[in-house]
Amino acid sequence: MEAGTLIEFRLGGQRHLGVLDRPDGKKNWIVVDERGANRSLHPRDFTYVVAGQTYKPQELAAFRSEVEALLDPDALAIAWEMLVDEGEEAELAILSDLLFSQADPAALYATFRLLDDDRTYFRQRRDRYEARSREQVAEQQRQLAIAAEKARLWQNFLDRCQQAQSGETVTWIDSDRPWLKALEQWALFSEDGNNTRAATEVLTALGRQASAQAAHDLLVALGYWQPHENLFLRRSQVPTTFPVAVMDVVQTCLDAPPVDRDRRQDLSHLKVYTIDDESTREIDDGLSCQRLSDGRLQLWVHVADPTRLIEPGDALDLEARRRSTTIYLPTGMVPMFPLELAAGPMSLVQGQACCALSFGICLDEQGAIASYEIVPSQIRPTYRLTYEDVDEMLDLGVTAEQELLDLWEMAQRRRRWRHQQGAIAINMPEAVIKVSEADDQISISVLEESAARALVAEMMILAGEVAGHYGATNGLPLPFRGQPQPELPSEEELLALPAGPVRSCAIRRCMPRSETSLNPQRHASLGLDRYSQVTSPIRRYTDLVTHFQIKAHLRGDQLPFSAEELETLLQSTLSLSYEAVLVERQTNRYWGLEYLRRQGDRIWSSLILRWLREHEQLALILIEDLGLELPIRLSQPVELGDRLALRVTHADPRQDRIQFEVVESLESVD
């Protein structure tokens with residue numbers, strides 16, 4: 001090469017023309033580009049050399065114009081058609097002559113440009129070019145079409161993102177889902193998420209930092225996620241929508257319910273009370289009481305019978321297994337069954353003929369079970385009452401509802417009897433958090449012990465004992481619930497603690513986790529030798545299994561689940577139930593912290609419940625007005641049971657962090 005030689009080089013992927021001016025060291029050349037700028041380049045940086053003629057820098061613009069006038073992409077296809085069937089390689093000059101009928105420097109460079117920009121038709125082999133076969137060209141064109149379509153979808157997706165960020169209403173389409181899914185995965189699982197590369201591309205293209213938090217913020221900005229999106233629920237395996245196939249089965253059940261296989265006892269003459277929170281939609285239990293001819297009171301616990309509409313292994317049953325339980329969140333519920341059924345024909349609806357599995361029980365004078373019967377039944381719920389309604393009726397002693405008064409007297413007898421059997425009562429205030437769907441307003445109330453709640457709880461426990469006794473007596477494999485006997489603090493240690501939440505917290509800390517087994521076992525905190533949950537088959541899958549098993553035995557049919565099958569089923573079901581409970585706890589915690597964050601400088605009265613790590617002054621407190629239990633690190637000496645006036649100094653629900661400052665110490669509890 002000599003001074004004046006015209007070359008092409010690349011900067012940032014862009015083509016540039018330059019003229020060699022003079023050597024720079026042993027190998028480099030000083031090159032003058034079209035703008036007159038000098039740069040030192042090695043010959044390996046030259047991507048094309050115009051041979052046979054020298055140029056001056058001021059001639060580069062004219063040369064470029066001459067070349068660009070020749071650049072017709074369609075011309076390559078014509079040259080390819082002329083050479084494809086010959087199977088021979090051609091030099092650049094031959095191709096230039098085919099394309100432009102000349103092979104001067106401008107035509108040669110234009111030919112090089114065309115071949116370099118579009119490699120569909122020719123493949124370069126050193127300084128010669130081979131025409132690709134017709135099959136190869138067809139495949140190349142197909143791949144180019146795919147790439148072009150991907151580029152179009154990508155650009156359209158970015159355009160929609162920009163529109164959404166500007167506040168415009170956007171309808172996401174199927175082709176957007178992979179990018180949105182990649183963002184979700186990164187936001188949910190951080191570096192553990194899959195396909196972070198795709199998420200990074202989106203964030204970078206939209207001018208955002210590539211991080212999990214940035215992915216979260218973008219999804220919110222796009223309106224794809226809500227500002228308080230439930231990440232705990234999204235990280236779980238819990239499905240939040242029902243498949244179309246399941247909803248088709250639901251419609252069939254509504255339009256043409258299956259034939260009832262059970263011979264039901266008509267109990268529609270009984271007055272039936274259903275007692276729930278006002279917001280409850282799945283009404284799965286009701287209570288009755290009647291006086292028998294011998295003067296004894298017979299209690300009835302009527303449990304909704306969803307097995308009337310489903311069979312083990314059908315679509316509804318398998319979907320319920322997949323969910324395991326209904327999840328109750330401050331923002332709403334995620335039901336185990338579609339609400340069209342769960343709040344409809346499966347529920348015990350006031351004034352309607354309803355199918356139930358009814359437990360008729362007589363107690364002895366102490367409160368033990370004297371006799372019982374379990375029957376598939378038809379009932380007609382008389383009253384739908386709230387806990388507040390029942391509390392008021394019991395408080396007033398409404399004699400017009402003597403059955404309700406009798407139920408309360410039997411519930412008290414039962415409670416006394418269970419305590420004599422070693423039942424352990426733990427009474428801690430419980431926060432009930434609700435979030436308005438319309439405006440994200442948070443309300444927190446404290447669920448206190450009440451006569452109505454105690455009445456319902458005792459009747460549910462009673463039905464569970466009957467189910468456990470029936471299963472154990474008849475050798476049925478059932479999900480029996482049990483709890484090992486705890487090692488409680490001594491009476492002296494307990495009496496040294498303040499009565500109320502502090503003492504209950506100390507007892508609660510010693511309680512082992514309950515267990516589920518196919519073998520009957522003692523449930524320590526309930527004071528029962530056998531127990532199987534049975535009263536929530538619309539909301540808990542293990543209760544539904546108990547219904548399947550008991551009803552099959554009552555009919556004299558083969559049991560739906562053998563012991564081995566049930567063991568396998570419980571392993572997966574209980575794992576899913578535990579995950580659902582964790583989602584409920586985490587979600588409640590999030591909204592509890594968010595509530596405190598929004599309250600600003602409000603002062604909260606709190607109770608020191610117990611030490612988490614006393615040597616680090618880390619304690620567990622109870623905010624009494626809210627029923628929230630939270631950790632606090634103290635810088636002053638306190639005793640269990642002391643009350644502190646606290647102010648929140650920092651709360652970050654997403655990071656699960658909260659910090660308080662002590663405003664003043666209050667008196668200790670008595």
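Residues numbered from 1 in each chain as written. Predicted model: local features only at pLDDT ≥ 70, side-chain atom pairs only at ≥ 80, totals over all residues. Heavy atoms only, no water.

### Some thoughts on the overall build of the chain
Piece 1. Looking only at helices and strands, one finds 19 helices and 26 strands in the chain.
Piece 2. Against the globule reference of 26 Å for 670 residues, the chain gives a C-alpha radius of gyration of 38 Å, more extended than a compact globule.
Piece 3. A buried classification covers 47% of the 670 residues belonging to the chain.
Piece 4. Summarising the internal contacts of the chain: among those between residues at least 6 apart in sequence, 65% fall at separations of at least 24.
Piece 5. When the accessible area of the chain is evaluated, it comes to approximately 33400 Å², of which 46% is carbon and sulfur surface.
Piece 6. Of the side-chain charges in the chain, 71 are positive and 104 negative, and the distance between the mean point of each set is 3 Å. (Helix = DSSP H or I, 4+ residues; strand = E, 2+ residues; numbered from the N terminus. Rg over C-alpha atoms; globule rule 2.2 N^0.38 Å. Buried < 20%, exposed > 50% of the residue type's maximum accessible area, 1.4 Å probe, protein only. Contact = heavy atoms within 4.5 Å. Areas by Shrake-Rupley, 256 points an atom, 1.4 Å probe, with all protein chains shown as cover. Lys, Arg positive; Asp, Glu negative; His and termini not counted. Charge placed at Lys NZ, Arg CZ, Asp CG, Glu CD.)

### Some details on the nonpolar core
Piece 1. Ile275, Phe359, Leu404, Leu407, Leu455 and Met459 are the most contacted members of the largest nonpolar core, which has 38 residues in total.
Piece 2. Looking at this core, the elements that each hand over two or more residues are strand S10 (273-276), strand S11 (285-291), strand S12 (297-304), strand S15 (354-363), helix H13 (387-396), helix H14 (402-420) and helix H15 (451-473).
Piece 3. In this view, phenylalanine 359 contacts Leu299, Trp300, Val301, Val303, Glu373, Ile374, Ala463, Val466, Ala467 and Val534; residues no more than four positions away in its chain are not counted. (Core = buried A, V, L, I, M, F, W, Y, C linked by side-chain atoms within 4.5 Å.)

### Description of the packing of aromatic side chains
Piece 1. Per the stated rule, a full pass over the model turns up 16 aromatic pairs.
Piece 2. Look at tryptophan 154 and phenylalanine 157: their rings are 6.4 Å apart centre to centre, the planes differ by 35°, and that puts the pair in the tilted class. On the criterion of helical spacing, the pair formed by tryptophan 154 and phenylalanine 157 is a turn pair, its members being three residues apart in helix H5 (residues 134-165).
Piece 3. Looking at phenylalanine 157, the relative accessible area reads 0%, which means it is buried.
Piece 4. By the ring-pair criterion, three or more aromatic residues cluster together here, those being Tyr48, Tyr55, Phe63, Tyr109 and Phe112.
Piece 5. Over the aromatic face of tyrosine 387 sits the side chain of arginine 453, whose NZ or CZ is 4.0 Å from the ring centroid. (Phe/Tyr/Trp six-rings, centres within 6.5 Å; stacked < 30°, edge-to-face > 60°. Lys NZ or Arg CZ within 6 Å of the ring centre and 35° of its normal.)

### A short note on the side chain of histidine 216
Piece 1. Turning to its location among the elements, histidine 216 is positioned in helix H8 (residues 212-221).
Piece 2. Excluding residues within four positions of it along the chain, histidine 216 makes contact with Ala187, Trp225, Pro227, Leu231 and Arg654.

### Observations concerning the packing of helix H11 (residues 315-323) against helix H18 (residues 541-555)
Piece 1. Viewed as axis vectors pointing N to C, H11 and H18 meet at an angle of 140°, and their least axial separation amounts to 9 Å. By the criterion of interaxial angle, the relationship of H11 to H18 is oblique. Residues Asp317, Ala320 and Arg321 of H11 form the contact with H18, whose participating residues are Tyr541, Leu544 and Phe548.
Piece 2. Grouping the amino acids of the contact of H11 with H18 by side-chain chemistry returns four nonpolar, no polar and two charged. (Axes fitted to C-alpha atoms, helices over the stretch in contact; angles between N-to-C directions. Parallel < 35°, antiparallel > 145°, perpendicular 65-115°, else oblique. Nonpolar A, V, L, I, M, F, W, Y, C, P; charged D, E, K, R; others polar.)

### Here we look at H14
Piece 1. Taking 1.5 Å per residue as the helical rise, H14 with its 19 residues ought to reach 27 Å, and the 27 Å between its terminal C-alpha atoms agrees with that figure.
Piece 2. Within H14 the residues assigned to the buried category are Leu404, Leu405, Asp406, Leu407, Met410, Ala411, Arg413, Arg414, Trp417 and Arg418. (Expected span 1.5 Å × (residues − 1).)

### Description of the sheet that holds strand S3 (residues 28-33)
Sheets are built from strands that pair by backbone hydrogen bonding, the pairs being arranged parallel or antiparallel.
Piece 1. The five strands lie next to each other as S4-S3-S2-S1-S5, forming an open sheet whose pairing is antiparallel. Since the sheet does not close on itself, it has two edges, and those belong to strand S4 (38-41) and strand S5 (46-54), each with one partner. Between one strand and the next, the sheet's axes are offset by a mean angle of 40°, whatever the strand orientation.
Piece 2. Relative to S3, strand S2 (residues 14-24) is paired through six bridges, and the arrangement is antiparallel. Pairing of aspartate 24 across the sheet is with asparagine 28, part of S3. (Pairing = 2+ DSSP bridges.)

### Brief notes about a negative patch on the surface
Piece 1. On the surface, Glu278, Glu388, Asp389, Glu392 and Asp395 cluster together to form a negatively charged patch.
Piece 2. Looking at the secondary structure, you find glutamate 392 in helix H13. (Patch = residues over 30% accessible without salt bridge, like charges linked within 9 Å, V, L, I, M, F, W, Y side chains within 5 Å. Salt bridge = Lys/Arg side-chain N within 4 Å of Asp/Glu carboxyl O.)

### A few points about the sheet that holds strand S8 (residues 128-131)
Piece 1. Pairing within the open sheet is antiparallel, and its three strands lie in the order S6-S8-S7. Strand pairing shows two members of the sheet lacking a second neighbour, strand S6 (89-91) and strand S7 (122-125), which therefore form its edges. Averaged over all adjacent pairs, the angle separating strand axes in this sheet is 35°, with direction ignored.
Piece 2. Direction of pairing for S6 relative to S8: antiparallel, over a ladder of three bridges. Paired with glutamate 89 across the bridge in S8 is glutamate 130.
Piece 3. Contacts from helix H2 (residues 74-83) reach S6, S7 and S8, with the element oriented near 75° to S7.

### Focus on a nonpolar patch on the surface
Piece 1. A cluster of nonpolar residues, Ile78, Met82, Ile94 and Leu98, forms a patch on the protein surface that exposes about 360 Å² of accessible area.
Piece 2. Broken down by secondary-structure element, the contributors of at least two residues to the nonpolar patch are H2 and helix H3 (92-100).
Piece 3. Tracing the chain through its elements places methionine 82 in helix H2.

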